[in-house]
Amino acid sequence: MKRKIISTVIGVLVAAAAVGTGLIALDTQSDLAPVADSSVVASLPVVSSNPLTVEVMDGLRFKLDTGSDVSCITASDLDRLRKMGVKIVKRTMPVFGRTSDGSFHGSLDRYVIDLPLTFITSTPDSSGTGVIKVPDPEHDSVLHDAEFVLVEGKDAVSAFGIDIIQRFAVEYLYNNRLIRLHSKRPDGYQDFSDFKASIWPSHSLWPGKRYYIDIEVDNITDSYFIDTGLRQAAVKLPASRAEQSRRRLDEDIIVSQLGVYPAKTNNVWVELGNRAGSQKAFYSDNDEEPYTVNPINVFTQDLLIDFPTRTVALRPYVPLPRQHFTGRVKADSLSTRKSKGFLKDDSTAIDPKP
């Protein structure tokens, strides 16, 4: 009996070790090492917001997609980097998860790349309504040992997935149209909400975590998946929630990498942390998360999604006297006044995108 118990215990330990080894093998970015001369690892121009796409270097564009479990690269971009003399090592280690095209991807190979990252600043143009992008090569950097899986097909695009993104505080400079990746949190931001990582056991198999934030829509609170790959919509709910709405619904569509889906829309009251206001909601079903939010589509000011501390913050506008404000106030918010969209307080103003 004792021998049988010992054998069973050994078997369990061996199985646990095998599972642990498997999970380690599925992990990515374990050797990721940004090299920069400041805490700003990269300052990348936004070349498209639908979907959110940045220019990593001249002519090389990547989606910035927190909905992608794994970072990926196309064969053409891989070939371009090879011709530039960039260090690329093919490593045999299994990885699988949802890629930037919305499909699940499994591969035995990863490409470990020392990825060059440009540094762009911007200055107002002569009209005062736009910005001129100005390269700052002295601050260019390299993302050493970044791991990517190869994606193929006519719709395939290179992308930074959450496995890379979650290592940084991601700053969106709204007027400058820049994405900045920080190794430590930049100054000048005020937190308005926190968020959390999924604890579902199945999600531990993905290379990166899946992050959710609690949002109240028309007095109903749910956990919304943070997805910067969500196009045109700021807030997406399942189609069944449209049936509960008392407001008039309009017909629309929602576009994702998986296709075009019918949707219904209306304006809803949204409370996100200590911010609140009217926002357009999309109701639609597809193979992705039922509740989704793209914070970059919600706010029209500088935004910080700080993954290491799991907080979301806004850069304040110029402070105005407190007596200028009246209106609805949440219990945990500052003094506020009602604006066109999200409520504004005496330090941070928020409007929804049109």
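On a predicted model such as this, the values are computed, not experimentally measured, just so you know.

**What about the environment of Ala 242?**
Part 1: In this structure, Ala 242 sits in the loop between strand 18 (235–237) and strand 19 (250–256).
Part 2: When the C-alpha atoms of Ala 242 and Ser 284 are compared, they prove to be 8.7 Å apart, with 42 residues separating the residues in sequence.
Part 3: Those residues in contact with Ala 242, other than ones at most four positions away along the chain, are Leu 249, Lys 264 and Tyr 283.

**Side note on the packing of aromatic side chains**
Part 1: In this structure the tally under the stated criterion is ten aromatic pairs.
Part 2: Arranged with centres 5.7 Å apart and planes meeting at 85°, the rings of Phe 195 and Tyr 211 form a pair that is edge-to-face. You can see Phe 195 sitting in the loop between strand 14 (190–194) and strand 15 (196–197) and its partner Tyr 211 sitting in strand 16 (residues 211–217), a full 16 residues away along the chain. Judged on exposure class, the residue Phe 195 and its partner Tyr 211 are both buried.
Part 3: Grouped by ring-pair contacts, the aromatic residues Phe 62, Phe 148 and Phe 160 constitute a single cluster.

**Some points on the nonpolar core**
Part 1: Ranked by size, the top nonpolar core spans 61 residues in total, and within it Ile 113, Leu 115 and Phe 160 carry the most contacts.
Part 2: Those residues within four positions of Ile 113 in sequence are excluded, and the remaining contacts are Ile 73, Leu 78, Leu 81, Val 86, Lys 87, Ile 88, Leu 143, His 144, Asp 145, Ala 146 and Phe 148.

**Notes on the confidence of the model for the protein**
Part 1: Within the protein, residue pLDDT values average 81, and 77% of them lie at 70 or more.
Part 2: Mean pLDDT across the elements of the protein bottoms out in strand 25 (residues 336–337) (35) and peaks in strand 23 (residues 303–306) (98).
Part 3: Every residue in residues 1–26 scores below 50 in pLDDT, and together they form eleven contacts with partners more than four places removed in sequence or on other chains.
Part 4: Here residues 319–341 scores under 50 on pLDDT; set against residues more than four positions off or in separate chains, the count is 49 contacts.

**Overview of helix 2 (residues 75–83)**
Part 1: Listed in full, the buried residues belonging to helix 2 are Asp 77, Leu 78 and Leu 81. Around the axis of helix 2, the buried residues are gathered within 100° of arc, so they sit on the same side. In helix 2, the exposed positions that point more than 90 degrees away from the buried face belong to Ser 76 and Lys 83.
Part 2: Buried positions along helix 2 lie against strand 3 (52–57), strand 4 (60–64), strand 5 (72–74), strand 6 (88–98), strand 7 (104–117) and strand 10 (141–151).
Part 3: Positive backbone phi, approximately 85°, marks Gly 85, located one or two places after helix 2.

**A short note on the environment of Arg 275**
Part 1: Turning to its location among the elements, Arg 275 is positioned in strand 21 (residues 275–283).
Part 2: Arg 275 sits 82 residues away from Ser 193 along the chain, and the two C-alpha atoms are 8.6 Å apart.

**Concerning the side chain of Arg 180**
Part 1: Structurally, Arg 180 is set in strand 13 (residues 178–182).
Part 2: No salt bridge is formed by the buried Arg 180, whose closest oppositely charged neighbour, Glu 171, lies at an N-O distance of 4.8 Å.
Part 3: Polar contacts involving the side chain of Arg 180 include one to the side chain of Ser 43, which spans 2.9 Å.
Part 4: Once residues lying within four places of it in the same chain are set aside, the contact partners of Arg 180 are Val 40, Ala 42, Ser 43, Phe 119, Ile 120, Thr 121, Ala 169, Val 170, Glu 171 and Leu 173.

Conventions adopted
Residues numbered from 1 in each chain as written. Predicted model: local features only at pLDDT ≥ 70, side-chain atom pairs only at ≥ 80, totals over all residues. Heavy atoms only, no water. Helix = DSSP H or I, 4+ residues; strand = E, 2+ residues; numbered from the N terminus. Contact = heavy atoms within 4.5 Å. Phe/Tyr/Trp six-rings, centres within 6.5 Å; stacked < 30°, edge-to-face > 60°. Buried < 20%, exposed > 50% of the residue type's maximum accessible area, 1.4 Å probe, protein only. Core = buried A, V, L, I, M, F, W, Y, C linked by side-chain atoms within 4.5 Å. pLDDT = per-residue confidence, 0-100. Arc of directions from axis to C-beta. Lys, Arg positive; Asp, Glu negative; His and termini not counted. Salt bridge = Lys/Arg side-chain N within 4 Å of Asp/Glu carboxyl O. Polar contact = N/O pair within 3.5 Å; in protein donor to acceptor, adjacent residues only side chain to side chain.

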